[in-house]
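# Secondary and tertiary structure notes
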Amino acid sequence: MRVGYPDLIGSDRGRDILLGHLPAACRHGLAFCRAIYHTTPAGGVVPITGGLDAGLPDIAVRPDLDTLTPIPWEPGVAWCLGDTTDPVTGAPCPESPRDMLRSVLARYAEHDLRPVVGPELEYFLCEQAPGTATGWRRSSEVSGAVYTTGLRADPGNHLLRTMRQLHDLGVGVVSGNHEFDGGQFEINLTHSEALNAADRAFLFKAAVKELARKEGKLATFMAKPFNDAGGSGFHVHFSCENVRGENTFGDPAAPFGLSDTARHAVAGMLAHAPALAALLNPTVNSYKRFGPGTLAPWLVDWGLDNRSAMVRVPPERGSGARMELRLGDAGANPYLAVAAIAAAALLGIQEAKEPPPPLEGYGYDPERSPVLPMSLTAALDALEADEALTDVLGKEFTASFLTYKRDEAERFERHVTDWEFAEYSYHL
């Protein structure tokens, strides 16, 4: 049995246990150091309250057997998610992304609403390239094969092979295609209740990376891994159902065919967009995906079936009415991304404010729309300043996230990059 759970950045942590130990794991939990939530990708530990200062105490991780699924490529192994608690209090661990999302969704229940989410994720497939700066190159380098399938831009048939395995894993794969740049792919997942959608997006990312490793390749969801290519997005389709399971976003008699609930949710997304960037664009690298000519949304706007807007409202109405937030990059933690979107939408619904007129024509004009934060530090400042949003997300969680990410930004500012050496060394 493989028991996994997300850390703060959405990377999968976990433990393999023999099946005979499962009853004990369910009763008592598996012991992990709480500072796993404070650990950087390079292995350092950030001094966050409850970790180093408390003597590196334990958390308990209990298998959530409702998420149990066989692993198609590992015969005899099943995978399930784990829920993390403080073994002393029995309460959820404050840094747990899955529990933070649960807390946001509990607020929707007070309004008899249930968020529905459809994730779309892009990634690059890379192959080893000894002697290069990074050791990796895109697999393959074919350009111009946008929205294609088959061997034209996927000579190894990576996409079909991966989709079949993901289908058997049960993460709700709908479709896939080669994306804009060489070696870039997009696989879409079906829509479902928000926690289930985040669970599936988390397992999807972990599975794609593991399947690539089995073939000696690298699948990366980082925002912008190559200077000469675009970035990878995490687009989230979002709507709400009432207690009868009916979509509450469509209303043929309302402006744009969108109900009050839908329009207010859009307004909430726009009002809290700067803070959302910290959670949906959570790395130093994220902001290299933004800017003129990138086709990534770097302005705060919305539009009707307009892909140049940050919030796009697809043309479907009625049961298919929804918004698509295009802000996020694929490096985002699915739980934090979904929780942040749901929190902003809920605040908009509660405040009952109308959004401005929708974007007309091609966007990316800072004369018409406010500019999003253009660095991780600026986004973290916006999140810290957005007290309404952080109240919904939880003050303790937000404090941990801000400390963790400010450490990342500060370490990058002190790091000498290859660009700096190439730019300055010969002439200065």
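An unreviewed UniProt entry lists the protein chain under the name Glutamine synthetase, from Wenjunlia tyrosinilytica. Looking at the Sequence similarities (unreviewed entry) heading of the UniProt record, one finds this comment for the protein chain: "Belongs to the glutamine synthetase family."

## A word on the overall build of the protein chain
The helix and strand tally for the protein chain stands at 11 helices and 15 strands. For 428 residues, the compact-globule formula gives about 22 Å, and the C-alpha radius of gyration of the protein chain, at 21 Å, lands near that figure. Here the C-alpha coordinates of the protein chain stretch approximately 60 × 60 × 45 Å along the principal axes. Among the 428 residues that make up the protein chain, the fraction classed as buried is 55%. Across the protein chain, the fraction of contacts at a sequence separation of at least 24, relative to all contacts at a separation of at least 6, is 70%. As displayed, the protein chain offers around 18,500 Å² of accessible surface, 54% of which is attributable to carbon and sulfur atoms. In the protein chain, 38 positive and 55 negative side-chain charges are present, and the distance between their average locations comes to 4 Å.

## As for the sheet that holds strand E5 (residues 78–85)
Reading across the sheet, the 5 strands line up as E2-E1-E5-E4-E3 and stay open at both edges, with mixed pairing between neighbours. Only two strands of the sheet have a single partner each, and these edge strands are strand E2 (12–16) and strand E3 (30–33). When the angles between neighbouring strand axes are averaged without regard to direction, this sheet yields 40°. Looking at chain direction, E3 and strand E4 (residues 58–70) are connected through 4 bridges and run antiparallel. Residue pairing across strands places Phe 32 opposite Ile 59, the latter belonging to E4.

## A look at unusual backbone geometry
Of note, the bond from Ser 139 into Ser 140 is cis; its omega dihedral lies within 30 degrees of zero at 5°. Relative to the helices and strands, Ser 140 is located in the loop between strand E7 (136–138) and helix H3 (158–169). Its identity as a non-glycine residue notwithstanding, Leu 56 has a phi of 55°, on the positive side. Mapping Leu 56 onto the fold places it in the loop between E3 and E4.

## Structural notes on the UniProt feature "domain: GS catalytic" (unreviewed entry) in the protein chain
The feature "domain: GS catalytic" (unreviewed entry), as given by UniProt, occupies residues 97–428 in the numbering adopted here. Secondary structure across residues 97–428 divides into 39% helix and 16% strand, with the first and last C-alpha atoms of the span separated by 46 Å.

## Remarks on the packing of aromatic side chains
Per the stated rule, a full pass over the model turns up 13 aromatic pairs. Cation over ring: Arg 15 sits above Phe 32, and NZ or CZ is 4.2 Å from the ring centre. The side chain of Arg 138 reaches across the aromatic face of Phe 226, ending 5.0 Å from its centre.

## Observations concerning H3
For H3, spanning 12 residues, the distance from its first C-alpha to its last is 16 Å, which sits close to the expected 16 Å at 1.5 Å a residue. Taken together, the buried positions of H3 are occupied by His 158, Leu 159, Thr 162, Met 163, Leu 166 and Leu 169. Projected onto a plane normal to the axis of H3, the buried residues spread over an arc of 115° and lie on a single side. Summarising the geometry of H3, the exposed residues directed more than 90 degrees from the buried face are Arg 164 and His 167. Structurally, H3 contributes buried residues whose contacts are with E4, E5, strand E6 (114–128), strand E8 (173–178), strand E9 (184–189) and helix H4 (194–214). Residue Gly 170 follows H3 closely and has a positive phi angle near 85°.

## Considering the packing of H3 against H4
Between H3 and H4, the shortest axis-to-axis distance is 11 Å and the interhelical angle comes to 135°. Here H3 is positioned oblique relative to H4, judged by the angle of their axes. Crossing handedness for the pair H3 and H4: right-handed. The segment H3 lies against H4, with Thr 162, Gln 165, Leu 166 and Leu 169 engaging Leu 203, Phe 204, Ala 207, Val 208 and Leu 211. Counted by class, the contact of H3 with H4 contains 7 nonpolar, 2 polar and no charged residues.

Rules used in this analysis
Here the residue index of a chain counts from 1 through its sequence in written order. Where totals are concerned, whole chains, interfaces and linings use all residues; where local detail is concerned, this predicted model gives features only for residues with pLDDT of at least 70, and gives and counts side-chain atom pairs only at 80 or more. Side-chain numbers here rest on the full set of heavy atoms in the structure, without hydrogens or water. UniProt positions are given in the numbering used here, feature names are shortened, and annotations may be inferred rather than shown by experiment. A run of H or I in DSSP counts as a helix once it spans at least four residues, and a run of E counts as a strand once it spans at least two, with each numbered from the N terminus. Restricting the calculation to C-alpha atoms gives the radius of gyration, and the globule rule supplies 2.2 Å times the number of residues raised to the power 0.38. Categorising residues by exposure relies on relative accessible area from a 1.4 Å probe, with only protein chains included: less than 20% of the type maximum marks a residue as buried, more than 50% marks it as exposed, and the intermediate range marks it as partly exposed. Two residues form a contact once any of their heavy atoms are found within 4.5 Å. Where accessible areas are quoted, they stem from the Shrake-Rupley method and a 1.4 Å probe; at the residue level, only the protein chains shown are allowed to cover. The convention is simple: Lys and Arg are positive, Asp and Glu are negative, and His and the chain ends are not counted. By convention, charge coordinates are those of NZ in Lys, CZ in Arg, CG in Asp, or CD in Glu. A pair of strands is labelled paired if DSSP reports no fewer than 2 bridges between them. Think of each axis as a best-fit line through the C-alpha atoms, taken over the contacting stretch in the case of a helix, with angles from 0 to 180 degrees between the N-to-C directions. Each pair of aromatic rings taken from Phe, Tyr and Trp, with Trp reduced to its six-membered ring, is defined by centres within 6.5 Å and is described as stacked if the planes are under 30 degrees apart, edge-to-face if over 60, and tilted in the remaining cases. In this scheme, the term charge over a ring applies when either NZ of a lysine or CZ of an arginine sits within 6 Å of the ring centre and within 35 degrees of the ring normal. Multiply 1.5 Å by the residue count of a helix minus one, and that product is the helix's expected span. Each C-beta atom gives one direction from the helix axis, and the arc is the one those directions make. Orientation is classified from the angle alone, with under 35 degrees giving roughly parallel, over 145 giving roughly antiparallel, 65 to 115 giving roughly perpendicular, and any other angle giving oblique. Helix crossings fall into two classes, left-handed where the near helix is turned counterclockwise from the far one by less than a right angle and right-handed where it is turned clockwise. Note on residue classes: Ala, Val, Leu, Ile, Met, Phe, Trp, Tyr, Cys and Pro are nonpolar, Asp, Glu, Lys and Arg are charged, and everything else, Gly too, is polar.

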